[in-house]
Amino acid sequence: MGRSLLPVLASALLMAGPAQAADVSLNGPPGASSCTGCHASAKIADSVIPRIAGRKAADIVTFMREYKSGAWPSSVMGRIAKGFDDPQTEAIAAWFAAQPE
Ligand code: HEC
């Protein structure tokens, strides 16, 4: 079953490629859209989730590393940070830093 799906998945990925590349400035690098679901770009009143748009990229990277290692306590970020390696984290952090606060 998995075998018969492969060509379909491969062509879907190929088709998605160029469109995603064109949208990078809007949606950010791979993974960034998984952050904005919680760290929304618009201010949400009374949200418990800290805003990270417009923060220094280096600070975001530091937070992600500490969440990942467990050095900084978190409810959800520890698990999320483990899903990203350093280059991915840096790309996402740079994108958030470039967003309006
Ligand atoms: C399920 C919701 C959720 C998602 C998805 C999410 N976050 Fe978070 N984030 C939180 C919460 C809640 C906190 C507060 C710490 C905690 O409880 O884990 C937080 C804290 C942070 C902080 C620390 C900010 C501060 O000032 O304390 C950073 C940086 C951060 N997240 C970055 C990211 C990045 C980058 C992504 C995407 C890879 C991401 N988050 C995805 C919910 C989320």
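Everything below is about the structure shown above.
Below, the structure is looked at part by part. (Residues numbered from 1 in each chain as written. Predicted model: local features only at pLDDT ≥ 70, side-chain atom pairs only at ≥ 80, totals over all residues.)

**With respect to the overall build of the chain**
Heads up, the condition is: Segments assigned H or I by DSSP are reported as helices when at least four residues long, segments assigned E as strands when at least two residues long, and all are numbered from the N terminus. Around each residue's C-beta, the other C-beta atoms within 10 Å are counted; 20 or more make the residue buried, 12 or fewer make it exposed, and counts in between make it partly exposed. All C-beta atoms are placed from the backbone. Two residues qualify as a contact pair if the distance between their C-beta atoms, derived from the backbone, is within 7 Å.
When helices and strands are counted, the chain shows 6 helices and 0 strands. Sorting the 101 residues of the chain into buried and exposed places 11% on the buried side. Long-range pairs, those at least 24 residues apart, make up 64% of the contacts in the chain between residues at least 6 apart in sequence.

**Some details on the site of the ligand**
Convention followed: By convention here, the C-beta atom is placed from the backbone, and a residue is near a molecule or strand when that atom is within 6 Å of it.
By nearness alone, 19 residues border the ligand, and Cys35, Cys38, Ser74, Ser75 and Met77 come closest of all. Mapped by element, the contributors of at least two residues to the shell around the ligand are helix H3 (32–36), helix H4 (57–69) and helix H5 (77–81). With 3 residues, the single largest contributor to the shell around the ligand is H4.

**What about the nonpolar core?**
Here is the rule: Connectivity within a nonpolar core runs through C-beta atoms within 7 Å, and the core itself is a set of buried Ala, Val, Leu, Ile, Met, Phe, Trp, Tyr and Cys residues.
If you look at the biggest cluster of nonpolar residues, it comprises 8 residues: Cys35, Ile52, Ile60, Met64, Ile92, Ala93, Trp95 and Phe96. Where this core is concerned, the elements lending two or more residues are H4 and helix H6 (86–98). Sorting elements by how many residues they give to this core places H6 first, with 4 residues. Beyond its immediate stretch of four places on either side in the chain, Ala93 contacts Ala57, Ile60 and Val61.

**A short note on the packing of H4 against H6**
Inclusion rule: Interaxial angle, 0 to 180 degrees, is taken between N-to-C directions of lines fitted to C-alpha atoms, where a helix line uses only the stretch in contact. We call two directions roughly parallel when the angle between them is under 35 degrees, roughly antiparallel when it is over 145, roughly perpendicular when it lies between 65 and 115, and oblique otherwise. For a crossing to be left-handed, the near helix must be turned anticlockwise from the far one by less than a right angle; the clockwise case is right-handed. Under the scheme applied, nonpolar residues are Ala, Val, Leu, Ile, Met, Phe, Trp, Tyr, Cys and Pro; charged residues are Asp, Glu, Lys and Arg; polar residues are all the others, including Gly.
Interaxial distance between H4 and H6 falls to 8 Å at its minimum, and their mutual angle equals 140 degrees. By the angle between their directions, the pair H4 and H6 is classed as oblique. When you trace H4 past H6, the crossing you get is right-handed. From H4, Ala57, Ile60, Val61 and Met64 reach across to H6, where they touch Thr89, Glu90, Ala93, Ala94, Phe96 and Ala97. When grouped by side-chain class, the residues that make up the contact of H4 with H6 number 8 nonpolar, 1 polar and 1 charged.

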